[in-house]
Amino acid sequence: MNLTPSLLRRLPLRWRFVIPTAVVFLLISGFFLVFIPASIEQQGTRALIGKARVVTTMTAASVLPALVFSDSEQIATELRTAQLSPDLVYAVVTDQKGVVRGSVGKADAERCDYRHTPLDGREMDRGRIWQTQTAIIHHDEVIGTLHMGFSREAIRQEGARIRSETALVIFGVLLVELMLVIGVSGVVTSHLETMAGAAHAVREGNLTVRAPVGPGGEVGELAEAFNAMLDRLTAAQHELGEVNRAMEVP
């Protein structure tokens, strides 16, 4: 059974207004806290994939002549040049038989099972590395494959930074929002609570109480209507008393 409505009814009127408002704001804030960093990471990943395609294509073209002539030293030189890309984690060149002809960061490549990289790439090492591969083609014949892995750590760090900054902003806005809601609800509900107290006094038989009109608006109009009702009720009670007294005269 859902106890939330009954619990809210037990709270003071002000908090019955503040708590649902705060919950709605927290839900919206939680959405942005998840959506914004995730969107930033997705954009960064797309940019990294595009960069990986360019670097892989260029490197495959540069190692092609060396692979044709089985020049392992030149292949190693070309792969070291590819390391100028700050995101490169590993690069491995294999021939058409799968034999490694040159590599940098081979331990990382093997840890990430580079030989089974799909053609459209994939994330490995818990999302820390983006793997890709491309065929090395000579005269329309595949003579080898270039496997490369690129670090996503900068993207992850940027996502963490955005997430922290977003959380701080949301926390600050939440504090301001709560202060505003508490302040506004205090102004509104204080008059309603006073009217509720007056209504309780009337129920106990005290017709002399009146609700403060306050600053006006809908609450002020309600207070005026409440007071007018009491005035009419008092007048009617007075007239009834006069009639009763007149009927008692012999």
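In case you missed it, the structure is sitting above this.
Residues numbered from 1 in each chain as written. Predicted model: local features only at pLDDT ≥ 70, side-chain atom pairs only at ≥ 80, totals over all residues. Heavy atoms only, no water.

> Please provide a residue-by-residue account of the overall build of the protein chain, values included.
Of regular secondary structure, the protein chain possesses 6 helices and 5 strands. Secondary structure elements of the protein chain occur, N-terminal to C-terminal, as α-α-α-β-β-α-β-β-β-α-α. Burial status across the protein chain gives 32% buried among its 250 residues. Of all intrachain contacts in the protein chain linking residues separated by at least 6 positions in sequence, the fraction that spans at least 24 positions is 56%. Total accessible area on the protein chain stands at roughly 15600 Å², and carbon and sulfur atoms take up 63% of it. (Helix = DSSP H or I, 4+ residues; strand = E, 2+ residues; numbered from the N terminus. Buried < 20%, exposed > 50% of the residue type's maximum accessible area, 1.4 Å probe, protein only. Contact = heavy atoms within 4.5 Å. Areas by Shrake-Rupley, 256 points an atom, 1.4 Å probe, with all protein chains shown as cover.)

> Go over the pattern of salt bridges with me, naming the residues and quoting the values.
On inspection of all chains with the given rule, the structure shows 10 salt bridges. With a shortest N-O distance of 3.7 Å, Arg152 and Glu123 are connected by a salt bridge. Residue Arg152 is located in the loop between β5 (141-151) and α5 (153-203), and its partner Glu123 is located in strand β3 (residues 122-124); the two are separated by 29 residues in the primary sequence. The class of Arg152 is buried, set by a relative accessible area of 6%. For Glu123, a relative accessible area of 39% corresponds to the partly exposed category. (Salt bridge = Lys/Arg side-chain N within 4 Å of Asp/Glu carboxyl O.)

> Give a description of the layout of surface pockets that names residues and reports values.
The computed volume of the largest pocket comes to approximately 160 Å³. Taken together, Leu67, Val68, Ser70, Asp95, Gln96, Lys97, Arg101 and Ile143 form the lining of the largest pocket. For the lining of the largest pocket, the per-class residue count stands at 3 nonpolar, 2 polar and 3 charged. (1 Å grid on protein atoms, 1.4 Å probe; cavity = no way out; pocket = protein on both sides within 12 Å on 5 of 7 lines; lining within 4 Å. Points joined across faces, edges and corners; volume = space filled by probe spheres on them. Nonpolar A, V, L, I, M, F, W, Y, C, P; charged D, E, K, R; others polar.)

> Can you lay out unusual backbone geometry for me, pointing to particular residues and giving the numbers?
One non-glycine residue, Asp113, lies in the positive phi region at around 55°. In this structure, Asp113 sits in the loop between α4 (106-111) and β3. Given a relative accessible area of 34%, Asp113 falls into the partly exposed group. A positive phi angle is found at Arg126, which is not glycine, with a value near 60°. Take Arg126: its relative accessible area is 76%, and that puts it in the exposed class.

> Help me get a handle on the pairing of β5, residues and values and all.
Buried residues dominate β5, accounting for 8 of its 11 residues. The pairing of strand β1 (residues 88-95) with β5 spans 7 bridges and is classified as antiparallel. In the sheet register, Ala91 faces β5, and the bridge partner there is Met148. The sheet contact formed by strand β4 (residues 129-138) and β5 spans 10 bridges and is antiparallel. Within β5, the residue paired with Thr134 across the bridge is Leu146. Hairpin geometry of β4 and β5 is characterised by an intervening segment of 2 residues between the two adjacent antiparallel strands and by a positive phi of about 55° at His139. (Pairing = 2+ DSSP bridges.)

> Go over helix α3 (residues 72-82) with me, naming the residues and quoting the values.
Turning to α3, its buried residues are Ile75, Glu78, Leu79 and Ala82. Taken around the axis of α3, the buried residues stretch over an arc of 100°, which confines them to a single face. (Arc of directions from axis to C-beta.)

> Run through the packing of aromatic side chains, naming residues and quoting values.
Here the structure, examined in full by the defined rule, presents 3 aromatic pairs. Counting every residue linked through ring pairs, the aromatic cluster contains Phe31, Phe32 and Phe35. (Phe/Tyr/Trp six-rings, centres within 6.5 Å; stacked < 30°, edge-to-face > 60°.)

> With reference to specific residues and values, describe the sheet that holds β4.
Sheet architecture is open: 5 strands sit in the order β2-β1-β5-β4-β3, paired in antiparallel fashion. Of all strands in the sheet, those bounded by a partner on one side alone are β2 (100-104) and β3. Each neighbouring strand pair of the sheet contributes to a mean axis angle of 20°, computed without reference to strand direction. Packing of α3 onto the sheet brings it into contact with β1, β2 and β5, and relative to β2 it is tilted by some 30°. (Axes fitted to C-alpha atoms, helices over the stretch in contact; angles between N-to-C directions.)

> Talk me through the nonpolar core; I want residue IDs and the actual numbers.
In this structure, Leu79, Val93, Ile136, Leu146, Met148 and Phe150 are the most contacted members of the largest nonpolar core, which totals 22 residues. The set of elements that each furnish at least two residues to this core consists of α2 (13-68), α3, β1, β4 and β5. For this core, the element with the most residues is α2, which contributes 8 residues. Setting aside anything within four residues of it in sequence, one finds Leu79 in contact with Thr59, Val63, Ala91, Val93, Gly102, Ser103, Val104 and Leu146. The next biggest cluster of nonpolar side chains, apart from the first, holds 10 residues, and it includes Ala201, Ala211, Ala223 and Phe226. (Core = buried A, V, L, I, M, F, W, Y, C linked by side-chain atoms within 4.5 Å.)

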